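# Architecture at a glance
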Amino acid sequence: MARIITNNTFIINKDVPSIVVRNLFQPTAQGLFLPNHADFQRNHLPIPPHKEFTSIKGKPTALDLVTLTGEIYANANAIPSRSGGGAHGHLGAMTDAATYATLSGQNTAFTAPVHPGVQAAPNNNDTAAQITNANRAYDQNLMIYTTYHSLLTVIKQMIIDAVDDMYIAKL
């Protein structure tokens, strides 16, 4: 059940206790990439612990939302990131700064990666080693960005798949 989502934030219906998942999709000039578990394997990333989130049938209860939040955090934590000190994967992408500081036990903020842009052309005087190092650095920055946004897209889709449509609302 693939859906393309184009808004920036989803919440579970406002008349029940809700979880806000922020900034889960930011379109790029390259278009929409909607990855799945196979994409994580192909990119040599760890498989998140929850292939699917626990299905919530009907109106979500507070316990349902606590369970869903725990599964979201576990999946985000399982994918490595250097941001926020590096010890808690992408957990900071799923929380606000205060919650991340509490959960991680550190004061290092999680910072979302930015797209590295178009790779700069090498200078005429650059050596082969300098060009190779520049290419590697660019590729690494692009992979960090792609991993972050792919994870956000996957988690957003998993939330949508786990919750009945009538309890998903656009902001």
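Conventions and cut-offs
Residues numbered from 1 in each chain as written. Predicted model: local features only at pLDDT ≥ 70, side-chain atom pairs only at ≥ 80, totals over all residues. Heavy atoms only, no water. Helix = DSSP H or I, 4+ residues; strand = E, 2+ residues; numbered from the N terminus. Areas by Shrake-Rupley, 256 points an atom, 1.4 Å probe, with all protein chains shown as cover. Phe/Tyr/Trp six-rings, centres within 6.5 Å; stacked < 30°, edge-to-face > 60°. Buried < 20%, exposed > 50% of the residue type's maximum accessible area, 1.4 Å probe, protein only. pLDDT = per-residue confidence, 0-100. Contact = heavy atoms within 4.5 Å. Axes fitted to C-alpha atoms, helices over the stretch in contact; angles between N-to-C directions. Parallel < 35°, antiparallel > 145°, perpendicular 65-115°, else oblique. Left-handed = near helix turned anticlockwise from the far one by under 90°. Core = buried A, V, L, I, M, F, W, Y, C linked by side-chain atoms within 4.5 Å. Polar contact = N/O pair within 3.5 Å; in protein donor to acceptor, adjacent residues only side chain to side chain.

Attention now goes to the overall build of the chain. A tally of helices and strands in the chain yields four helices and three strands. In the chain, the succession of α and β elements from N to C terminus is β-β-α-α-α-α-β. About 9,900 Å² of surface is accessible on the chain, with carbon and sulfur atoms providing 55% of the total.

Once that is clear, we can look at the packing of aromatic side chains. Here a ring pair, both rings aromatic, is described through the centre-centre distance and the interplanar angle of the planes. In this structure the tally under the stated criterion is two aromatic pairs. Summarising the aromatic geometry, the rings of Tyr100 and Phe110 are spaced 6.1 Å apart at their centres and angled 70° between planes, so their arrangement reads as edge-to-face. Placement of Tyr100 in helix α3 (residues 97-104) and of Phe110 in the loop between α3 and α4 (128-162) is noted, with a sequence separation of ten residues between them. A residue is classified by how much of its surface remains accessible, and Tyr100, at 2% relative accessible area, is buried.

Confidence along the chain averages 76 in pLDDT terms, with 71% of residues attaining 70 or more. Taken as a whole, residues 1-35 scores under 50 in pLDDT and shows 87 contacts with residues more than four places along the chain or in a different chain.

By the element assignment, Ala101 lies in helix α3. Sequence separation between Ala101 and Gly84 is 17 residues; the distance between their C-alpha atoms is 9.0 Å.

So, about the packing of helix α2 (residues 62-78) against α4. Viewed as axis vectors pointing N to C, α2 and α4 meet at an angle of 155°, and their least axial separation amounts to 11 Å. What the angle tells us is that α2 and α4 run roughly antiparallel. The hand of the α2/α4 crossing is right-handed. Across the interface between the two elements, Leu68, Ile72, Asn75 and Ala76 from α2 touch Leu151, Ile155, Met158 and Ile159 from α4.

If you look at soluble globular proteins, the nonpolar side chains tend to sit buried side by side. Counting 22 residues, the largest nonpolar core has Phe53, Leu68, Ile72, Met94, Ile155 and Val163 as the members making the most contacts within it. Per element, the largest residue contribution to this core is eight residues, and it comes from α4.

Bringing the environment of Thr95 into the picture now. In this structure, Thr95 sits in the loop between α2 and α3. Exposure remark for Thr95: the relative accessible area of 2% places this residue in the buried category. When the C-alpha atoms of Thr95 and Tyr73 are compared, they prove to be 8.6 Å apart, with 22 residues separating the residues in sequence. Looking at Thr95, its side chain comes within polar contact range of the main-chain nitrogen of Tyr100, at 3.5 Å.

Within the secondary structure layout, Met94 lies in the loop between α2 and α3. Owing to a relative accessible area of 6%, Met94 belongs among the buried residues under this scheme. Linking Met94 and Asn77, residues 17 residues apart in sequence, is a C-alpha distance of 9.4 Å.

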